[in-house]
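Descriptive structure summary
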Amino acid sequence: MLVLSASAANLERAAALLRRGGVVAFPTETVYGLGAVALDPEAVARVFEIKGRPRFDPLIVHAASLAEVEPLIAGLPERARAVAERFWPGPLTLVLRKSARIPDIVTAGLDTVAVRVPAHPVALELLRRVGMPLAAPSANLFGMASPTTAEHVRSQLGARIDALLDGGACAVGIESTVVLIPEQGPAVLLRPGGTPVEELEPLLGPLERSTAAGQRPLAPGQLLRHYAPRTPLELCDWVIPPARGERAGLIAFTPQQVTDGFAAVEVLSETGNLREAATRLFAAMHRLDALGLERIVATRVPASGLGLAINDRLERAARQTSETLA
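Residues numbered from 1 in each chain as written. Predicted model: local features only at pLDDT ≥ 70, side-chain atom pairs only at ≥ 80, totals over all residues. Heavy atoms only, no water.

Attention now goes to the nonpolar core. Counting residues in hydrophobic clusters, the biggest one holds 36 residues, and the most contacted among them are W88, L94 and V179. Those elements that provide at least two residues to this core are α2 (41-51), α3 (66-69), α4 (78-87), β5 (92-97), α5 (104-107), β6 (112-116) and α8 (197-204). Top contributing element to this core by residue count: α4, with four residues. (Core = buried A, V, L, I, M, F, W, Y, C linked by side-chain atoms within 4.5 Å. Buried < 20%, exposed > 50% of the residue type's maximum accessible area, 1.4 Å probe, protein only. Helix = DSSP H or I, 4+ residues; strand = E, 2+ residues; numbered from the N terminus.)

Below, the structure written as structure tokens:
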């Protein structure tokens, strides 16, 4: 695997790999993506194989602009256009009816496609140089904690991929919000993420909620078990100190939630800032996961703004081994 700095020459080198059917990890403002040209079914198949991702779980297609998204979809409802013009580039994915250009492997056979324009200069420049949209799930093994640094990608995927563009740490730190916008009827929140629901609803109206639990997913991030470290993670509303001699780690929202007895502690925000907490969440999981702990305990955060997305990730990670704690 080539590990490349995000220089102009290396961006062109990565773009050339992608145009030849390669698979390249690259930074976005949310998490690192594992990209292949979305119009190349064989390249997209490699993404599924590298991640160990089931073929029924659709991918998000990334493009450099709204103008480049439009040929990928079979019509753009006016409310979808209004949201795209307001929030793109940014951590928002729209699920719309797909055009015939998108291979079925990208959408898991669905007649809709998830599309977004990322707000990261490296991702945008890579897309421009490739000249084609990229199908890009998170650059990690399927179901594991998402990567927010190049090192997270390298440690999980290593030689499985052709190249890794190192663009530093991701600014948002959690995946994009995913919204289904049908031609008729209410818009549906499929996954909370980096764009708060409260900012979308003035344009879209009240969003219906859907997790597709036990159903075929309409978008990434809807499976019950996801975003998990290898170490068992438990989710709680208040912290109970571990038993004497137990090696447990703690992910606390604020310093006030920290208690004695934990072998390692990660505080997501010194001041209770949800944006800061989102940025730090997956990096905290990765650091604790590397310590050989018996378990990780995490506290819920306030369920507003980005807190909705943070709690969603923690709840799905906790379902790795057991039900969440009361």
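Now for the packing of aromatic side chains. For the structure on display, the rule yields one aromatic pair. Measuring from centroid to centroid gives 6.0 Å for Y227 and F282, while their planes differ by 40°, and the two rings are tilted. Residue Y227 is found in the loop between β11 (208-209) and β12 (233-236), and its partner F282 is found in helix α9 (residues 274-289); the two are separated by 55 residues along the sequence. Summarising the burial analysis for this pair, Y227 and F282 share the class buried. Sitting over the ring of F87, R86 keeps its end group 4.4 Å from the ring centre. Positioned over the ring face of Y227 is R313, at 4.8 Å from the centre of the ring. (Phe/Tyr/Trp six-rings, centres within 6.5 Å; stacked < 30°, edge-to-face > 60°. Lys NZ or Arg CZ within 6 Å of the ring centre and 35° of its normal.)

Along the polypeptide, P27 turns up in the loop between β2 (24-26) and β3 (33-37). In this structure P27 touches Y32, H120, V122, A123, L165 and G167, once residues within four positions along its chain are discounted. (Contact = heavy atoms within 4.5 Å.)

Bringing the side chain of K98 into the picture now. Secondary-structure assignment places K98 in the loop between β5 and α5. Given a relative accessible area of 17%, K98 falls into the buried group. Within the structure, the side chain of K98 is placed 3.0 Å from the backbone oxygen of I102, a separation counted as a polar contact. If sequence neighbours within four positions are ignored, K98 has contacts with L72, I73, A74, D104, T107, L110, D111, T112 and V113. (Polar contact = N/O pair within 3.5 Å; in protein donor to acceptor, adjacent residues only side chain to side chain.)

This brings us to the sheet that holds β2. Across the sheet, eleven strands lie side by side as β1-β8-β2-β3-β7-β4-β6-β5-β9-β10-β11; this open sheet has mixed pairing. Whereas interior strands pair on both sides, the edge strands pair on one side only; in this sheet they are β1 (2-5) and β11. Bridging between strand β9 (residues 177-180) and strand β10 (residues 188-191) involves three bridges; their strand directions are antiparallel. From the neighbouring strand, V179 faces β10, where its bridge partner is L189. In the packing of α8 onto the sheet, the strands contacted are β5, β9, β10 and β11, and the crossing angle to β9 comes to about 25°. (Pairing = 2+ DSSP bridges. Axes fitted to C-alpha atoms, helices over the stretch in contact; angles between N-to-C directions.)

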